[in-house]
Protein chains: 4
Amino acid sequence: MSQRLGVWTVGAFGGVGTTMVVGARAIAAGLVSDTGVATNQPSFAPLDLVPLGEIVFGGHDVRPSTFGESAYHIAKASHSIDLEVLAAVRPELDRISSNVKVGTALNCGTAISRLVGSESAASKGGLRETAARLRRDLAEFRAEHELDHVVVVNLASTEPDLELERMPKTPAELEALLDAEDTDTVRPSLLYAYAALLEGCAFLNFTPSSAALCGALQELGKERGVPYMGSDGKTGETLVKSALAPMFKYRHLKVLSWQGYNILGDRDGEVLAHQENLASKVRSKDSVLSSILGYELHTHVGIDFVRSLDDRKTAWDFIHFKGFLDHKMSMEFTWHGCDAILAAPLVLDMCRLAELSLRRGESGAMRHLAPYFKSPLSGTEQDLHRQYDALATYLRERGMSVD
Amino acid sequence: MSQRLGVWTVGAFGGVGTTMVVGARAIAAGLVSDTGVATNQPSFAPLDLVPLGEIVFGGHDVRPSTFGESAYHIAKASHSIDLEVLAAVRPELDRISSNVKVGTALNCGTAISRLVGSESAASKGGLRETAARLRRDLAEFRAEHELDHVVVVNLASTEPDLELERMPKTPAELEALLDAEDTDTVRPSLLYAYAALLEGCAFLNFTPSSAALCGALQELGKERGVPYMGSDGKTGETLVKSALAPMFKYRHLKVLSWQGYNILGDRDGEVLAHQENLASKVRSKDSVLSSILGYELHTHVGIDFVRSLDDRKTAWDFIHFKGFLDHKMSMEFTWHGCDAILAAPLVLDMCRLAELSLRRGESGAMRHLAPYFKSPLSGTEQDLHRQYDALATYLRERGMSVD
Amino acid sequence: MSQRLGVWTVGAFGGVGTTMVVGARAIAAGLVSDTGVATNQPSFAPLDLVPLGEIVFGGHDVRPSTFGESAYHIAKASHSIDLEVLAAVRPELDRISSNVKVGTALNCGTAISRLVGSESAASKGGLRETAARLRRDLAEFRAEHELDHVVVVNLASTEPDLELERMPKTPAELEALLDAEDTDTVRPSLLYAYAALLEGCAFLNFTPSSAALCGALQELGKERGVPYMGSDGKTGETLVKSALAPMFKYRHLKVLSWQGYNILGDRDGEVLAHQENLASKVRSKDSVLSSILGYELHTHVGIDFVRSLDDRKTAWDFIHFKGFLDHKMSMEFTWHGCDAILAAPLVLDMCRLAELSLRRGESGAMRHLAPYFKSPLSGTEQDLHRQYDALATYLRERGMSVD
Amino acid sequence: MSQRLGVWTVGAFGGVGTTMVVGARAIAAGLVSDTGVATNQPSFAPLDLVPLGEIVFGGHDVRPSTFGESAYHIAKASHSIDLEVLAAVRPELDRISSNVKVGTALNCGTAISRLVGSESAASKGGLRETAARLRRDLAEFRAEHELDHVVVVNLASTEPDLELERMPKTPAELEALLDAEDTDTVRPSLLYAYAALLEGCAFLNFTPSSAALCGALQELGKERGVPYMGSDGKTGETLVKSALAPMFKYRHLKVLSWQGYNILGDRDGEVLAHQENLASKVRSKDSVLSSILGYELHTHVGIDFVRSLDDRKTAWDFIHFKGFLDHKMSMEFTWHGCDAILAAPLVLDMCRLAELSLRRGESGAMRHLAPYFKSPLSGTEQDLHRQYDALATYLRERGMSVD
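In this report, the structure presented in the accompanying data block is examined. A quick note: this is a predicted structure, and the numbers were derived from the prediction, not measured.

**Concerning the sheet that holds strand 8 (residues 298-305) of chain B**
Read across the sheet, eight strands follow the order 8(A)-7(A)-9(A)-10(A)-10(B)-9(B)-7(B)-8(B) without closing on themselves; strand pairing throughout is mixed. In the strand order of this sheet, the two ends are held by strand 8 (298-305) of chain A together with strand 8 of chain B, each with one partner. With direction set aside, neighbouring strand axes in the sheet form an average angle of 10°. Looking at chain direction, strand 9 (residues 312-322) of chain B and strand 10 (residues 328-338) of chain B are connected through 11 bridges and run antiparallel. Residue Lys-322 of chain B lies in a different strand from strand 10 of chain B, and its bridge partner there is Lys-328 of chain B.

Okay, here's the thing in structure tokens:
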């Protein structure tokens, strides 16, 4: 019999969190196929991953809502959730919504603060007080649902970047920042990760927010023996980049410029329209190509907010390259995706694989999850195919027959 | 000291053949970089491949021309050869042109026949007589230039498809067809390959013409101990397909339809505008996806001739796929390539690697060359990344340090 | 007080017919905006067009269905109708569905025949008998709803092309064909148009089926004093073409090639996948460019059926042009439309304008409706801007203040 | 016999200036067709415009070069000038190059200043001194070549924007700025235009630099009885926008967002990569849509510098619109143009039409030239088709038979 797994999402009522819960329930009820959930394929059976229908969901959010409300909004705006499917799972959604507690919006930047409002409980309290509250929420979730393992996933909006030098490098430095109630440095993502690791939960940073996996927290994860991985889910344009760039390398074609332009309309996009939040994101998307190709090239990723797109994300990439006789040619691609639809199954996959790690007592960086991230932890392969080769090797070593 | 290598192209004065010779000379003269020629990278040094500047070129063509004339036409029409680079290598081109002999256009379909004209020597002679003539040309080329090895590459226009059941399956059946002077069945590509194998030359079928590697000829290659591979050089749209399709598989995204549309304006396109010639090509392009994805899907490749494009080839692909919650999304790409520029360095790469096989006494199908072909010999992997993994393994086993 | 207008659609339960009825009701109920219905703009008020909410709908169809069922199918497949909007108008739809009578599928080509089935009433009866039945349906519709005017719109699937020489040129020739029960020549569209004109209804051929407006029928329309227009609604790719092509003309840029490629997944697409039906369509799309540009150019329109697209239609156009110094450049566009959504408001616009013609006693070709058609009746301007200029002039002469 | 016309370009050795001179000579010599030069069509004959081959060229530039050198660089980098055509006209180019004098780079922003260098004569001298020098150059050009009329065209790189309130509104205010040697306010474009108008030359501002047609200069033009027009040549993306946007208006389709993204690699792009220069450009491109559509919409134009593109300019536009039943659809276009090739013939057209104005004694704003500009003088129509209608009316009134 499988273990009891809790998945705790930070930013639970956002597009990805909501879509994930709706999808997991709809798949379990046989209302839709399990497309997108790679770990649901027959070859994964020997790993005894927790069935989608048995995962217990909970989370933090800074805005009051319910999964039902949020899902209804998504269904009407972007049609990515079918209204009839939603109606069928809505009673369950309402029940699960009570597992979502008030998060924290301390020092998350003006864009997010404004969305939350200064009167919200999420905007109040000191750092130590908040950290304790977040831990308590996780402990209660585990106890109430008799969970063997909990995986915490950061799905919150991108925070403004912190300068590297202000990031705590050791657990001791981090504790000192908390003692000092240094709200200029400590970001919400840092508090969530801190709480997760201290509570023995695996931690996945699906956002580009760099504080969530700063040196101090990675160190803490190792000390506490819990697995973690990040950052920034690879869902669309960067996924294509990391699949396509090796082609140019194989053929010794010289990429001169790879220009990407993204437009998106969801809350994530609205937050990114703020320059301070954008920096984290762009850095995360921009490092992939030279890592794969092995040389520096002109590359740029533009992101603009286009409200009418709702949760749609359209990316146009222009690749300028030189071939034989130094002749220049080009390739373009346009990606028309729905971000939450693309992201949600990745979170499910990773939570199930994190549970595998927890069950087997593996701790530290889950480097085999690299193909799921735009910025996998430093020193990690960026080539999508090599990333999946490495994942397959990892899984085969744990008993799976991967084709 | 490296061995003496002769590269004999069928369709020598066509776009690919001409561009290859111009490029090899221009690289050797330091006029352009070696972009596109993967085998020229430092990691290949331990294999002692023949330097580009030492390759001796020759070939067959059914139309009278010279490399200089053909290159000038290309330079003016599509700017893929720089006029100043051409001027610098032109004296050498004129000298090499004398190595090109009259080919054969027997039973090559009305489209090609019309281009050649019935008065041409290429349109005359019986099968036995022609085969003997082709062999003699190869033998003289080898002798005159004191070549250690010769690689014959079929670059001629696509022939009309032959029904599988009419293809000779054994060398004996093939000899019988020649004895019978059966010009309904025997295609030029079959005669060229026959001549090459009997003369101990490696043979590469860079076209989709299926006769060139029919069962009888593969059998003959094994008997004679010579290596061969094909078919149909993977230069553009199919290359991208085979790089991109695995991405959908990794993510368990269901590809519903993959629709490709190609427009091209060179002689190849003109010949393909004839329905009988098109069939070979489309079949070749169409089999890749289901092989990689592991299921049947709606796929279609349209090809149209657009004269104004000259040697440019633009392909638009539309990929319709289903994700989580059965939500449909899409991706498009447009490829703006120059076919000869993309194809020429692949031929150089393969000829150098075929020389490696000849030098090492390897015979039969060179399956490690699969990434260069749209339709690698049956049973061969279609996933571009796995193809390159296999090639790297092959090369490492022969002393190369591949990164 | 406005007149009572009946709109009778042939192919009523198809995508366009259904979407039109749902939309007209939803706009009248204030559930959605009137976007797309140009005649609903304030400037049209002086023309006293019949309000959308007062139009009475009826029609013929060869397949048994209801507007509610058909709309539900559309809502689920392509999300172009919102399920909640549908639920709100569904009672009305069920009521209106009883106004739809059995049409005729005599001699409509194998693709359509197969969809209908030989047992259907639509597949039975002689020509005279069928024509009488269709007329009776129209007369009863008019009487039952006390309509001042009826406009018949052909929205049925594209029929196979008829050779021009077999088309009847005069009403007498047409009567002779009917007398002869010549089912090799007479197409359903011809019968529908015949019935409409004899019943004094205006007739609009929104399909490319050429029989519907053959010489004999145009003659008959003039004799009977009723207005008519066609053919083939201009909804997507051709619309863009006719808006964009003048730009090249203004600038004296020479269009070398204009290559269009359409993929679509609805019933229309399925029927067009049959070569015999496709011909009508392609001819209709192909004539626009040389008419606008004033010279012959390479142009081609490919159409392929991609079932997974449902009612979506994606068109990719590649425009190759020459500029100053004979330098070649290019432009591409991709159109992602939903055919029924684009077509339905055009039908509403035209029916309201046809009512204006009927009310004013205007008969013969309604040339001012040219901007709504891919193949407006011969001799008509194809430049979209000139077409709209002409429409504006027509409307201003009838009292409207067009900005 | 036609009048003698001098065309004096500011930024003469730039891409547009050079391409224009090469093209005019190549057309006159019969080496290339006159594609792109609309005024060369037969219908313009009654206007007796100056033949292309008789135009006398001169200009100012801040960098020392020659037309031959500049053209050779273009030919090698972007292949938009054929090397053989260049060789044929090169002797003439060298002769014409002596008509180009040193311009001024006073207060043109850091991006341009850096390109020029502080040691250049262009970077020296006071305002009054420079204005006098520029006037002298024009007067000498006119005298030396016995010209009836001179048209001055600003083709220089985009200057940083000036705040509107600092712009001189009257000739008196302008004179006061010059007296005060106010180099914080006076831009080079202002000096060039000032010199042109005082010398009785027509003035065309082909750049977005707003100083060139500030209120004071428009006033001065009227006082001196010379014609002028601007600003910012409409060559690519904006041209398409102004041709396409009316289509959405005709059909009452609601444009939700029109997002444009431009990448370009020429000197213009390099200068625009500087934020201060970019502002002028974006403002100029951004005003077109709401003017045509009649409502405010989300619109954005991104511009990035991609050096490898050289003179190529690729623009991707994404148009998100709402149709019937409030259903959202989209359209994309990609424009692959060569800026100088597109711009050069427009300059020739306008200079010939400016000569017509000078010859007929017309002065003030040449509003009929609106279709050539992204930001035609205020109050001017932006719809490309209406702009051309107005131009046709203007020309017909002057004797031309426009079809």
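Moving on, there is more to tell.
**Regarding the relation of the copies chain B and chain A**
In screw terms, the move from chain B to chain A is a rotation of 180° and a rise of 0.0 Å along the axis, fitting with an RMSD of 0.0 Å. Here the transformation between the copies is reduced to the relation of a two-fold axis. If distances are taken from each C-alpha of chain B to the rotation axis, the shortest is found for Phe-333 of chain B, at 2.0 Å. Interface overlap between copies is the fraction of interface residues in one copy that are interface residues in the other; for chain B against chain A it reaches 100%, indicating a shared surface.

**Focus: the interface of chain C and chain A**
On the chain A side, the residues contacting the eight residues of chain C number eight residues. Taken over both partners, the interface formed by chain C and chain A buries close to 790 Å², and the fraction arising from carbon and sulfur atoms is 41%. The tally of links from chain C across to chain A stands at four salt bridges. Where chain C meets chain A, there are six residue pairs in polar contact (both at pLDDT 80 or more). If you list the elements that add at least two residues to the side of chain C that touches chain A, you get helix 2 (67-78), helix 3 (83-97) and strand 10 (328-338) of chain C. Residue classes in the side of chain C that touches chain A are distributed as two nonpolar, two polar and four charged.

**Overview of the relation of the copies chain C and chain A**
Once turned by 180° and shifted 0.0 Å along the axis, chain C lies on chain A with an RMSD of 0.0 Å. Mapped onto chain A, 100% of the interface residues of chain C again fall at the interface, so both copies present the same surface.

**Looking at the pairing of strand 5 (residues 202-205) of chain D**
On a regular strand, each side chain points to the face opposite its neighbour's, so the side chains alternate between the two faces of the sheet. All names here are of chain D. Every second residue of strand 5 is oriented toward a common face, with Ala-202 and Leu-204 on one face and Phe-203 and Asn-205 on the other, all of them buried. Relative to strand 5, strand 4 (residues 149-154) runs parallel, the two being bridged by four bridges. If you follow Val-151 over to strand 5, its bridge partner there is Ala-202. Handedness of the strand 5-helix 8 (residues 215-224)-strand 6 (residues 227-230) crossover: right-handed.

**Considerations on the packing of helix 2 of chain C against helix 3 of chain C**
All names here are of chain C. Between helix 2 and helix 3, the shortest axis-to-axis distance is 8 Å and the interhelical angle comes to 155°. The orientation of helix 2 with respect to helix 3, classified from their angle, is roughly antiparallel. Contacts from Phe-67, Gly-68, Glu-69, Ala-71, Tyr-72, Ala-75 and Lys-76 in helix 2 reach Leu-83, Leu-86, Arg-90, Leu-93, Asp-94, Ile-96 and Ser-97 in helix 3. The residue makeup of the contact of helix 2 with helix 3, split by class, is eight nonpolar, two polar and four charged.

**Describing the pairing of strand 10 (residues 328-338) of chain D**
Where burial is concerned, most of strand 10 of chain D is hidden: 10 out of the 11 residues are buried. Two strands pair when backbone bridges link them, and strand 10 of chain C and strand 10 of chain D are joined in this way by seven bridges, in the antiparallel orientation. Among the inter-strand pairings, Met-331 of chain C is bridged to a residue of strand 10 of chain D, identified as Trp-335 of chain D. Counting the residues between successive antiparallel strands, the hairpin from strand 9 (residues 312-322) of chain D to strand 10 of chain D contains five residues, one of them, Leu-325 of chain D, with a positive phi of roughly 60°.

**Points about the interface of chain B and chain A**
At the junction of the two partners, chain B supplies 66 residues and chain A supplies 66 residues. Summed over both partners, the interface of chain B with chain A comes to about 5,200 Å²; 64% of that surface belongs to carbon and sulfur atoms. Linking chain B with chain A are zero salt bridges, by the criterion used here. The tally of links between chain B and chain A comes to 22 residue pairs in polar contact (both at pLDDT 80 or more). Among the secondary structure elements, those contributing two or more residues to the side of chain B that touches chain A are helix 1 (15-28), helix 9 (237-250), strand 9, strand 10, helix 13 (339-359) and helix 14 (384-397) of chain B.

**Here's the deal with the sheet that holds strand 10 of chain C**
The eight strands are arranged 8(C)-7(C)-9(C)-10(C)-10(D)-9(D)-7(D)-8(D) in an open sheet whose pairing can be described as mixed. Edge positions in the sheet fall to strand 8 (298-305) of chain C together with strand 8 (298-305) of chain D, since each has one partner strand and no second. Sheet twist, expressed as the mean angle between neighbouring strand axes with direction ignored, is 10°. With respect to the sheet, helix 13 (residues 339-359) of chain C is in contact with strand 9 (312-322) and strand 10 of chain C together with strand 9 and strand 10 of chain D, its orientation differing from that of strand 10 of chain C by roughly 80°.

**Side note on the pattern of salt bridges**
On inspection of all chains with the given rule, the structure shows 56 salt bridges over all chains. Lys-76 of chain A is paired through a salt bridge with Asp-82 of chain C; the nearest N and O atoms lie 3.0 Å apart. One end of the pair, Lys-76 of chain A, is in helix 2 (residues 67-78); the other, Asp-82 of chain C, is in the loop between helix 2 and helix 3, on a second chain. Taking the shortest distance from any N to any O, the salt bridge between Arg-25 of chain C and Glu-92 of chain C comes out at 3.7 Å. Of the two residues, Arg-25 of chain C sits in helix 1 (residues 15-28) while Glu-92 of chain C sits in helix 3, which places them 67 residues apart along the sequence. On the basis of relative accessible area, Arg-25 of chain C is assigned to the buried category, the value being 11%. Residue Glu-92 of chain C is classed as partly exposed on the basis of its relative accessible area of 27%. Salt bridges linked by common partners bring Arg-360, Glu-362, Glu-397 and Arg-398 of chain A together as one network.

**Comments concerning unusual backbone geometry**
Here the amide bond leading from Gly-230 of chain A into Ser-231 of chain A is cis, since omega sits at 0°, within 30 degrees of zero. By secondary structure assignment, the location of Ser-231 of chain A is in the loop between strand 6 (227-230) and helix 9 (237-250). Phi at Asp-48 of chain A is positive, roughly 50°, even though this residue is not glycine. Position of Asp-48 of chain A among the secondary structure elements: in the loop between helix 1 (15-28) and strand 2 (56-61). Note on Asp-48 of chain A: relative accessible area 54%, which makes it exposed. Here the phi dihedral of His-252 of chain C falls at roughly 55°; this positive angle occurs in a residue that is not glycine.

Thresholds applied
Residues numbered from 1 in each chain as written. Chains lettered and ligands numbered in written order. Predicted model: local features only at pLDDT ≥ 70, side-chain atom pairs only at ≥ 80, totals over all residues. Heavy atoms only, no water. Pairing = 2+ DSSP bridges. Helix = DSSP H or I, 4+ residues; strand = E, 2+ residues; numbered from the N terminus. Axes fitted to C-alpha atoms, helices over the stretch in contact; angles between N-to-C directions. Least-squares fit on C-alpha atoms with pLDDT ≥ 70 in both. Contact = heavy atoms within 4.5 Å. Buried area = accessible area lost by both parts, 1.4 Å probe. Salt bridge = Lys/Arg side-chain N within 4 Å of Asp/Glu carboxyl O. Polar contact = N/O pair within 3.5 Å; in protein donor to acceptor, adjacent residues only side chain to side chain. Nonpolar A, V, L, I, M, F, W, Y, C, P; charged D, E, K, R; others polar. Buried < 20%, exposed > 50% of the residue type's maximum accessible area, 1.4 Å probe, protein only. Right-handed = clockwise from strand over helix to strand, strands pointing away. Parallel < 35°, antiparallel > 145°, perpendicular 65-115°, else oblique.

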